[in-house]
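Fold and contact review
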Amino acid sequence: MGPVFREVSTMLRPLKILFATSEVRPLIKTGGLADVSSSLPAALRDLGLDCRLLVPGYPAVLAQCEDLTPISDLPVTLLGPARLLTGFMPGTRVPLYVLDAPRAFQRPGGPYQDTRGQDHADNAERFALLSQVAAQLCGPQNPINWQPDCLHCHDWQTGLAPAYLHFAGRPVPSLTTIHNLAFQGVYSPSLLTTLGLPSESFAIDGLEYYGNLSFLKAGLYYSDWITTVSPRYALEIQAEPLGMGMQGLLQQRRHQLTGILNGIDTADWNPSSDLHLTHNFTYRAMAGKRRCKAALQTELGLTPSAEAPLFGVVSRLTHQKGLDWILQIAQGILTRGGQIAILGTGEPILESGFKQLAHQHPQQVSAFIGYDEGLSHRIEAGADLFLMPSRFEPCGLNQMYSQRYGTLPIVRETGGLADSVTDGVDGFSFMGDTAHALWLTVERALAAYHDRPLWRRLQQTAMRKDSGWEKSAREYAALYAQLAARAHS
Ligand code: ADP
């Protein structure tokens, strides 16, 4: 235990952390941020911290949270009226504040896009509102009887909160976590006044970003500390190409930039108790995994075969994820007797590429275009190998789910994939950025698959790995304590 963490545990009262996020599982999810927002606050509370969530009142949030109680109207300038509701995350004791602002959040579609997949036209105002309220809950005008010691923001959606805090005299320290630097919340500078930001903020030492304003840059510039969701990604974003225009600032702030690897929810992703599976299994008793594979092949209409190496893919279908390389090598996998099960939605060109592949080889390839949590668990359990050749990957969760389910991941050595998969030990990895580099690794993995004793050893190592949240939650706790101590010194 480091000296800073000792400080947390010996403090007279628990540290109070406001965790401001635009998505949280199971209420609303578009990606890994939702998983982190549900697991990390719970893990922090297990360590004794008083961590509470602030989330927008989307229809899905209001519908799933029973017994929300109004506690205060909020004096907001954007998309009002707004009030704060309080309750708990369903099935937990994690306190929840819901920002109920019907004009901003009660509408059809997803959190960021409408039903046609277009960004909501007023996203800047909507997430500035969320950021404004997060800052309000930390300042002298806080309408609730709970004063955080630290504000933890996530991605561009809450990026303006550290800026609002800065111009309110920095009443508490703030931390911004980058889950994906590719999404930067870039808007016209003409919005500056509407968003309640002073003109001095529109500067290179501020939130100006190539002539526009960037919510994410505001978070990176004004917060007291920055984290990314893996140590490797923290290094990668200090240079091109993964710095995506922010590398200069990130380099400047490298002494306040740390990578903390995400954990996974080990209760939800537990092969011995997973309710989405027809059979359960452990690293000692693997018969259930063989049955899961047979059940998956039946469910997806693939040829029943215990021997055929079954490759799983669960992903947003985007360029980032390197899935075009999978399309390029698919024929090779099929020629080797392999099968492929894909679950995902995203870019039309990838969706149609996988649909076409499945159409041409219905007994060897299945492509389910859509979002299906149960199927994602059944693919993790039933597949032998998992393909995740991302061009970049801030952390990634599926490779860790795969390891826990004895499904060896094949990953590109980048970001969190590099930090969580060791080649030839608990998965397979490659460095290049071509379909050929992926193929060479697939060939190595297939050779290992056909060596049963070796495969068994690899599976056991992967399944016994501790990918839970406790270690990372301790690192966050230490960081909050350090920030709070500095603020008081
Ligand atoms: P990202 O946040 O970049 O999308 P992550 O690997 O960090 O990638 O997290 C993705 C999360 O979303 C995982 O929990 C994954 O299982 C889930 N997921 C992605 N696509 C689907 C889908 N089509 N159906 C079900 N779950 C999905």
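Residues numbered from 1 in each chain as written. Predicted model: local features only at pLDDT ≥ 70, side-chain atom pairs only at ≥ 80, totals over all residues. Heavy atoms only, no water.

1. A few points about the nonpolar core
Quick reminder of the rule: By convention a nonpolar core is built from buried Ala, Val, Leu, Ile, Met, Phe, Trp, Tyr and Cys residues, the set being connected through side-chain atoms within 4.5 Å. The buried label goes to any residue with under 20% of its type's maximum accessible area, the exposed label to any with over 50%, and the partly exposed label to all in between, with areas taken from a 1.4 Å probe on protein chains only.
The biggest cluster of nonpolar side chains holds 97 residues, and the ones touching the most others in it are L54, L99, L129, L151, L195, F215 and Y480. In this structure, L317, L350, Y449 and L458 belong to the second largest nonpolar core, which totals 35 residues.

2. Things to note about the site of the ligand
Put simply, the test is: Put simply, a residue is near a molecule or strand once any heavy atom of it comes within 4 Å of that molecule or strand. Between N or O atoms, a polar contact is any pair within 3.5 Å; within protein, one atom must be a potential hydrogen donor and the other a potential acceptor, and residues adjacent in sequence are included only when both atoms are from side chains. Accessibility throughout is a Shrake-Rupley quantity obtained with a 1.4 Å probe, and a residue counts as covered only by protein chains that appear here. Numbering of helices and strands starts at the N terminus; helices are DSSP runs of H or I of at least 4 residues and strands are runs of E of at least 2. Ten residue types, Ala, Val, Leu, Ile, Met, Phe, Trp, Tyr, Cys and Pro, are classed as nonpolar, four, Asp, Glu, Lys and Arg, as charged, and the remainder, Gly among them, as polar. For every domain, the bounds stem from an assignment made automatically or drawn from a database.
Surveying the vicinity of the ligand reveals 20 residues, the closest of which are K29, G32, R316, K321 and G370. One nitrogen or oxygen atom from the side chain of D35 is found 3.3 Å from an oxygen atom belonging to the ligand. Y401 is positioned such that a nitrogen or oxygen atom in its side chain is 3.4 Å from an oxygen atom of the ligand. The fraction of the free accessible surface of the ligand (560 Å²) that becomes covered by protein chains is 92%. Elements supplying a minimum of two residues to the shell around the ligand: α2 (32-46), β13 (310-317), β14 (339-346) and α14 (398-404). The leading source of residues in the shell around the ligand is β13, at 3 residues. Split into classes, the residues belonging to the shell around the ligand amount to 6 nonpolar, 8 polar and 6 charged. Mapped onto the domain boundaries, the shell around the ligand takes at least three residues apiece from domain 1 (16-263 + 470-488) and domain 2 (287-463).

3. Some words on the packing of helix α10 (residues 287-300) against helix α13 (residues 373-382)
Selection criterion: For helices, the axis comes from a line fit to the C-alpha atoms of the stretch in contact; other axes are also lines fit to C-alpha atoms, and the angle between any two N-to-C directions lies between 0 and 180 degrees. By the definition adopted for this analysis, an angle is roughly parallel if under 35 degrees, roughly antiparallel if over 145, roughly perpendicular if from 65 to 115, and oblique otherwise. Two helices crossing with the near one rotated counterclockwise from the far one by less than a right angle form a left-handed crossing, whereas a clockwise rotation gives a right-handed crossing. Here a residue-residue contact requires only that any non-hydrogen atoms of the pair lie within 4.5 Å.
For the pair α10 and α13, interaxial distance at closest approach is 8 Å and the crossing angle is 125°. When the interaxial angle is binned, α10 and α13 end up oblique. Between α10 and α13 lies a crossing whose hand is left-handed. Residue-level contacts link K289, C292, K293, L296, E299 and L300 of α10 to L375, R378, I379, E380, A381 and G382 of α13. A per-class count over the contact of α10 with α13 returns 6 nonpolar, 1 polar and 5 charged.

4. A few points about the sheet that holds strand β2 (residues 50-56)
Quick reminder of the rule: At least two DSSP bridges between two strands are required for those strands to pair.
Taken together, the 9 strands give an open sheet; going across it, the order is β3-β4-β5-β2-β1-β6-β7-β11-β12, and neighbouring strands pair in mixed fashion. What marks the edges here is a single partner per strand, and that holds for β3 (69-74) and β12 (257-259). Within this sheet the neighbouring strands show an average axis-to-axis angle of 25°, counted without direction. In this fold helix α5 (residues 123-136) packs onto β1 (16-20), β2, β3, β4 (82-88), β5 (95-100) and β6 (150-154), with an angle of close to 150° to the strand it touches most, β2.

5. Details of the pattern of salt bridges
Applicable threshold: Every case where a carboxyl oxygen of Asp or Glu lies within 4 Å of a side-chain nitrogen of Lys or Arg is listed as a salt bridge.
Tallied over the full model, the rule gives 21 salt bridges. The residue D50 makes a salt bridge to R45 at a minimum N-O spacing of 3.0 Å. Accessibility expressed as a relative area gives 28% for R45, which makes it partly exposed. Measuring nitrogen to oxygen at the nearest pair gives 2.7 Å for the salt bridge that ties D384 to K293. Note that D384 is positioned in the loop between α13 and β16 (385-388) and K293 in helix α10, a separation of 91 residues in sequence. The same class applies to D384 as to K293, namely buried. Taken together, the salt bridges that share partners define one network made up of R25, K29, D35, D265, D268 and E373.

6. Some thoughts on the domain arrangement of the protein
When cut into domains, the protein gives domain 1 (16-263 + 470-488) and domain 2 (287-463). Between the C-alpha centres of domain 1 and domain 2 there is a distance of 33 Å. The interface is formed by 20 residues belonging to domain 1 together with 17 residues belonging to domain 2. R25 serves as the salt-bridge partner of E373, at 3.0 Å between the closest nitrogen and oxygen. Across the contact surface, domain 1 and domain 2 share 7 residue pairs in polar contact (both at pLDDT 80 or more). Tallying contributions element by element places helix α8 (residues 231-236) first for the side of domain 1 that touches domain 2, with 4 residues. Partitioned by chemical class, the residues of the side of domain 1 that touches domain 2 number 8 nonpolar, 7 polar and 5 charged.

7. Comments concerning the side chain of R412
Here is the rule: We treat Lys and Arg as the positive residues and Asp and Glu as the negative residues; His and chain ends play no part in the count.
With respect to the secondary-structure elements, R412 resides in strand β17 (residues 408-412). The side chain of R412 sits in the buried core without any salt bridge; D433 is the nearest counter-charge, 4.4 Å away. Within the local environment of R412, its side chain forms a polar contact with the backbone oxygen of R391, the two atoms lying 2.6 Å apart. Polar side-chain contacts of R412 include one of 2.8 Å to the backbone oxygen of G432. If we skip the residues at most four places from it in the chain, R412 touches W325, M388, P389, S390, R391, L417, F430, M431, G432 and D433.

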